[in-house]
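Descriptive analysis of the structure
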Amino acid sequence: MDTFVTFTLMGLVLGSVYAIAASGLVLTYNTSGIFNFAHGAQAMLGAFLFWQLRYGWELPLVVSLVVVLGIVGPGMGWLLYTVIMRGLRDTAEVTKIVVTVAVLLGMLSASHWFWNPEKARSMQMFFGDSHLSVFGATLRYHELLCILAAVAIAIGLRVLFVRTRAGVAMRAVVDDPDLLRLNGHRPDRLAALSWMLGSTLAVLAGILITPISGGTLEANMLTLLVIDAFAAAMFGRLRSIPRTFVGAVILGLAGTYVLAYFPTTWTWASNLRVSLPMIALFVVLIVLPQDRLRGTLVRTRERYHVPSVRKAVVWGVVLVVAVYLIRLLMVDSAVTTFTIGMCFAIIALSLTLLTGYAGEMNLAPVSFAAIATMVAFHVGIDGSGLAARIGVGGVVVAVVVTALVGGLVALPALRLRGLYLALATMAFGVFLSNMVLRDTTERELFGVRFSLFTQGSLSLPALRIGPLDLADPTAFLMTVTVLFAILGVVLIAVRNSGYGRRLAAMKDSPAASAMLGQNLVTLKLGVFMASAAIAGLGGVFMSIAMGAVSLESFSITVSLSLLMLTVVAGIGYVSGALFGGIMAGVGFAVIMASFANLARAQPELEGLWTTLGHIAAVSPALIGIGVGKNPSGIVHDVIEGYRRVRSQRRVLVAGGAVVAFAYALALGGLLDNWWFATIAIVTVFALPVVGEMVASSAATVRVPPEQIGLSVPYSEQVRGQLDRELGIPERRENEELVKHGG
């Protein structure tokens, strides 16, 4: 009986903290329509700030609480809304998700910047060990405070939303802000207020949960701990505070009962307890009523160009040649790094197909890479020692199994779309990390002894395809480059086919697509399986390139970083997958490692180089936050820039000559490789700007209209002049513009 009461009280306390965090999520979603994936990171940052005030600077407890809960929490929410979230109106769901993911990653990087993760920090419970006795069990005052605070917040928010004009107006912000404004309210002020309250609740949850989860402050763990509250929020379907509270309590009780009553011989029980919130989240999403198809077309700001297959083939050849030329400048260690980046680009192609073309969401692409890696490790290795190789058959089996798993994961979630589907895939990713990849126990099945993730690390040997042995770094790099080019051409061919047009129709208007006779379930299932297969293929090559992979290689933060950078680059473009994959895989890691090397080589400038390294670590998040201003991505801007200046041939030739000359110098050893890379990147991004400046300068020389076609040749320049004098709007290009979202 004592055991039951003790673990019941522990479950109620844990559930109370979940309820506080989940209430903040419901509050912000109800009033802005944005699901805040950074909610856990806000809780983490608030807990670190409280530690700094209370334990670092030894300020009184009350002062520390007032500063963190009265100033930092509301201020963080106000800044997030006014600077970032307010600009996300009329953007697709994927853009809103990516921006909040970028905030999450940025806060994690900032915490590592200001609080060295290698230094241990801990927090004590409020009121120390003071406690009271409840049916023979001990309940500390800190734990009692958690329960009372959760009940008070639940009642307060319920009254706010249902009984007050301000609460009703806050709920109306997300439905029709213009109508609300006509009724004399100020939607932006109401939404900002809700974000201030939600942020404060997140910070409160972070401060309360740290002592009861061991007291140790660790940024990644604390962020994921509060993310468990996502499941509680889903119990209330992101709208009902009472049901959210009940769901949080159920989650807390279930977790502690697993800890108390499951036999100690079940080695997987502890992993199950950690994974339980994500399992509950997945189950709740499955039983949610089917998402109703909407007949209205939602206009968003994302635009993508789809090239022809012929152009895709040409650019694929250009990519292969360019990579080979760059390889000639590299040392062997850099070749392996580049190869890993190219493998990440292949995984990113799965997002281009699934999200860019079909509008479906997957927040855990790297988790499918983990499945393929495990399958290839267990069934694909031939030989032993240095002669061990993975055969093509093993890779094929790994890809097929991954596609089937992708179908199984997607099957129950096919009734959902948008945010709910994103959460389902995220739940799968976290579950895989906590439950499967942590399972290193040796088991026996049908007389065969095995463990899923042997000793916490898997080593994959190189692939052998007939005479082609990928143990050679150059052969490996060129193979994955050719593979990326082929997959890119195939995806563009699919997008230009009838099947691709059906995917685009489903993305733009599922209701219209269903009315035209399309089977949406079949379309979603097919594209999910194909996407998982591509991610699995890239994952096998990534693991081979790394040599040995661990649990951290497939964590959910790796998946989120890959998704974020692919969206920043342009998730509707194959070139966006190339840029996003390379940057997520190795790009920023190489930049940070370079700053660390400079700091070691120049001790007198160590502070400067270290600071620049931290800025480089935060920069991906800053770029991700900026996607709200440019939802189509960087690649879209570059393509549009070159389209506008394609008539400026002299500028383009001059730019090409500069890059070619710099390459020749680097190949001859007269120019450092980093300088060549800098010159090439700056030239690529500067050419459209220079071209527009030259075109603008030339346009100022006015040609008499009566001389056009007689003494002055008819050209793009004089055509633009004629259009301007006749008042004709700027000509649109003939290529298809693809709207993202719908």
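So, how was this worked out
- Within any chain, residue numbers begin from 1 and follow the written order of that chain's sequence.
- Since the coordinates come from a predicted model, pLDDT governs what is reported: local features require at least 70, and pairs of side-chain atoms require 80 or more to be given and counted, while whole-chain, interface and lining totals use all residues.
- Side-chain numbers here rest on the full set of heavy atoms in the structure, without hydrogens or water.
- UniProt positions are given in the numbering used here, feature names are shortened, and annotations may be inferred rather than shown by experiment.
- For helices the rule is a DSSP run of H or I covering at least 4 residues; for strands it is a run of E covering at least 2, with both sets numbered from the N terminus onward.
- It only takes one pair of heavy atoms within 4.5 Å for two residues to be counted as in contact.
- For the accessible areas, the method is Shrake-Rupley and the probe is 1.4 Å, while residue cover comes only from the protein chains on display.
- Axis lines are fitted to C-alpha atoms, over the contacting stretch for helices. Their N-to-C directions set the angle, which ranges from 0 to 180 degrees.
- Here is the rule for angles: anything less than 35 degrees is roughly parallel, anything more than 145 is roughly antiparallel, 65 through 115 is roughly perpendicular, and the remaining ranges are oblique.
- Gly counts as polar in this scheme, as do all residues outside two lists: the nonpolar Ala, Val, Leu, Ile, Met, Phe, Trp, Tyr, Cys and Pro, and the charged Asp, Glu, Lys and Arg.
- Any carboxyl oxygen of Asp or Glu that lies within 4 Å of a side-chain nitrogen of Lys or Arg is treated as forming a salt bridge with it.
- Here's how the labels work: a residue is buried when its accessible area is under 20% of the maximum for its type, exposed when over 50%, partly exposed in between, all with a 1.4 Å probe on protein chains only.
- At least two bridges found by DSSP between two strands is the condition for calling them paired.
- Aromatic pairs are defined between Phe, Tyr and Trp rings, using the six-membered ring for Trp, whenever the two ring centres lie within 6.5 Å; interplanar angles under 30 degrees are classed as stacked, those over 60 as edge-to-face, and all others as tilted.
- Consider the ring centre and the ring normal. A charge sits over the ring if Lys NZ or Arg CZ is within 6 Å of that centre and within 35 degrees of that normal.
- We call a set of buried Ala, Val, Leu, Ile, Met, Phe, Trp, Tyr and Cys residues a nonpolar core when their side-chain atoms join them within 4.5 Å.
- The split into domains, and so the bounds of each, comes from an automatic or database assignment of domains.
- One fewer than the residue count of a helix, multiplied by 1.5 Å, yields its expected span.
- For a crossing to be left-handed, the near helix must be turned anticlockwise from the far one by less than a right angle; the clockwise case is right-handed.
- A patch is a set of surface residues, each over 30% in relative accessible area and not in a salt bridge, joined within 9 Å for like charges and within 5 Å for the nonpolar side chains Val, Leu, Ile, Met, Phe, Trp and Tyr.
- Across the chain, each position has a pLDDT score giving the predictor's confidence in that residue, from 0 to 100.

Identification of the chain as Branched-chain amino acid ABC-type transport system, permease component from Rhodococcus triatomae is taken from an unreviewed UniProt entry. Here the chain is described in UniProt, under the heading Subcellular location (unreviewed entry), as follows: "Cell membrane". According to the UniProt record, the Sequence similarities (unreviewed entry) comment for the chain is "Belongs to the binding-protein-dependent transport system permease family. LivHM subfamily."

Moving on: the overall build of the chain. Counting secondary structure elements, the chain contains 28 helices and twelve strands. Nonlocal contacts in the chain, meaning residues at least 24 apart in sequence, comprise 77% of its contacts between residues at least 6 apart. Roughly 33,400 Å² of accessible area belongs to the chain as shown, and the carbon and sulfur atoms make up 65% of that amount.

Now for the packing of helix α15 (residues 365-379) against helix α22 (residues 556-569). Contact geometry for α15 and α22: axes closest at 7 Å, N-to-C directions at 125°. By the angle between their directions, the pair α15 and α22 is classed as oblique. For the pair α15 and α22, contact is made by Pro365, Val366 and Ser367 and by Val558, Ser559 and Leu562, respectively. Considered class by class, the residues forming the contact of α15 with α22 number four nonpolar, two polar and no charged.

Further remarks concern the pattern of salt bridges. Evaluated as defined, the whole model comprises two salt bridges. Measuring nitrogen to oxygen at the nearest pair gives 3.8 Å for the salt bridge that ties Arg140 to Glu143. We classify Arg140 as partly exposed; its relative accessible area is 31%. According to the relative accessible area criterion, Glu143 is buried, its value standing at 11%. The closest approach of N and O atoms between Arg389 and Asp469, which form a salt bridge, is 3.0 Å. Taken together, the residues span a long stretch of sequence, with Arg389 in strand β5 (residues 389-390) and Asp469 in strand β10 (residues 468-469) at a distance of 80 residues. With a relative accessible area of 25%, Asp469 lands in the partly exposed category.

The next thing to look at is the environment of Trp113. With respect to the secondary-structure elements, Trp113 resides in helix α4 (residues 93-114). On a C-alpha basis, the gap between Trp113 and Thr610 in space is 9.7 Å, while along the polypeptide they are 497 residues apart. Apart from the residues within four sequence positions on either side, Trp113 is in contact with Thr611, His614, Ile615 and Val618.

Each regular strand carries side chains that alternate between the two faces of the sheet. The alternating pattern of strand β2 (residues 137-140) places Ala137 and Leu139 on a buried face and Thr138 and Arg140 on a face that is not buried. For strand β1 (residues 131-134) and β2, the ladder comprises four bridges, and the chain directions are antiparallel. From the neighbouring strand, Ser133 faces β2, where its bridge partner is Thr138. With antiparallel pairing between neighbouring strands as the criterion, β1 and β2 make up a hairpin whose turn holds two residues, including Phe135 at a positive phi of roughly 50°.

Take the environment of Ile84 next. Counting through the fold element by element, Ile84 comes out in helix α3 (residues 61-84). The spatial distance from the C-alpha of Ile84 to the C-alpha of Val103 is 9.4 Å, given a sequence separation of 19 residues.

A few words now on the packing of aromatic side chains. On inspection of all chains with the given rule, the structure shows ten aromatic pairs. Centroid distance Phe114 to Trp115: 6.4 Å. Interplanar angle 70°. Geometry classified as edge-to-face. Since its relative accessible area comes to 57%, Phe114 is described here as exposed. Overall, the relative accessible area of 9% leaves Trp115 in the buried class. When the ring of Phe476 is compared with that of Phe541, the centres are 6.2 Å apart and the planes differ by 50°; the resulting orientation is tilted. Separated by 65 residues along the polypeptide, Phe476 in helix α18 (residues 473-496) and Phe541 in helix α21 (residues 520-546) bring together distant segments of the chain. Classification of Phe476 as buried rests on a relative accessible area of 6%. One aromatic cluster in this structure is built from Phe48, Trp113, Phe114 and Trp115. Lying over the aromatic face of Tyr55, Arg54 brings its terminal NZ or CZ to 5.9 Å of the ring centre. In this structure, Arg121 packs its charged tip against the face of Trp51, placed 5.3 Å from the ring centre.

Take the nonpolar core next. By size, the foremost hydrophobic cluster in this structure holds 199 residues, and its most contacted members are Phe35 and Phe37. The element contributing the most residues to this core is helix α14 (residues 332-357), with 15 residues. Counting the residues that make up this core, at least three belong to each of domain 1 (1-287) and domain 2 (309-607).

Here we come to helix α1 (residues 2-32). Across its 31 residues, α1 extends 45 Å between first and last C-alpha, which sits within 8% of the 45 Å expected from 1.5 Å per residue. Of all 31 residues that make up α1, 25 are buried, and the element is covered over most of its length. Backbone geometry just downstream of α1 places Gly33 in the positive-phi region, at approximately 75°.

The next subject is the side chain of Ser111. Mapped onto the secondary structure, Ser111 falls in helix α4. Overall, the relative accessible area of 1% leaves Ser111 in the buried class. Not counting residues up to four positions away in its chain, the partners in contact with Ser111 are Met44, Leu45 and Ala219.

Secondary-structure assignment places Gln42 in helix α2 (residues 39-56). Discounting chain neighbours no more than four positions away, the residues touching Gln42 are Asn36, Met76, Leu80, Met107, Ser199, Ala202 and Val203.

Take the packing of α15 against helix α16 (residues 392-410) next. Between α15 and α16, the shortest axis-to-axis distance is 8 Å and the interhelical angle comes to 140°. In terms of their interaxial angle, α15 and α16 are classed as oblique. For the crossing formed where α15 meets α16, the hand is right-handed. Residues Phe368, Ile371, Ala372, Val375, Ala376 and Val379 of α15 form the contact with α16, whose own contacting residues are Gly394, Val397, Ala398, Val401, Thr402, Val405 and Gly406.

A few words on unusual backbone geometry. Excluding glycine, residues mostly carry a negative phi; peptide bonds, for their part, are mostly trans. The phi dihedral of Glu58 falls on the positive side, at around 55°, and the residue is not glycine. Along the polypeptide, Glu58 turns up in the loop between α2 and α3. Using a relative accessible area of 65% as the deciding quantity, one classes Glu58 as exposed. With a phi angle near 65°, Phe127 is a residue other than glycine that sits in the positive phi range. Phe127 sits in the exposed class, given a relative accessible area of 52%.

Taken together, Val309, Val313, Val317, Val321, Tyr324, Leu325, Leu328 and Leu667 make up a surface patch of nonpolar side chains, about 660 Å² in accessible area. Here Val317 shows up in helix α13 (residues 309-327).

In regions of low pLDDT, the predicted coordinates are not meant to be interpreted in detail. Averaged over the chain, the pLDDT score is 80; the fraction of residues at 70 or greater is 88%. Looking across the chain, the model is least confident in strand β12 (residues 737-739), with a mean pLDDT of 47, and most confident in α18, with 92. Taken together, the stretch residues 733-742 has pLDDT below 50 and engages in 43 contacts with residues farther than four places along the chain or on a different chain.

A few words on the environment of Thr138. Position of Thr138 relative to the elements: it lies in strand β2. Since its relative accessible area comes to 46%, Thr138 is described here as partly exposed. Spatially, the C-alpha atom of Thr138 lies 7.1 Å from that of Thr6, the residues being 132 residues apart in sequence. Ignoring sequence-local partners within four residues, the contact set of Thr138 consists of Leu9, His131, Leu132 and Glu143.

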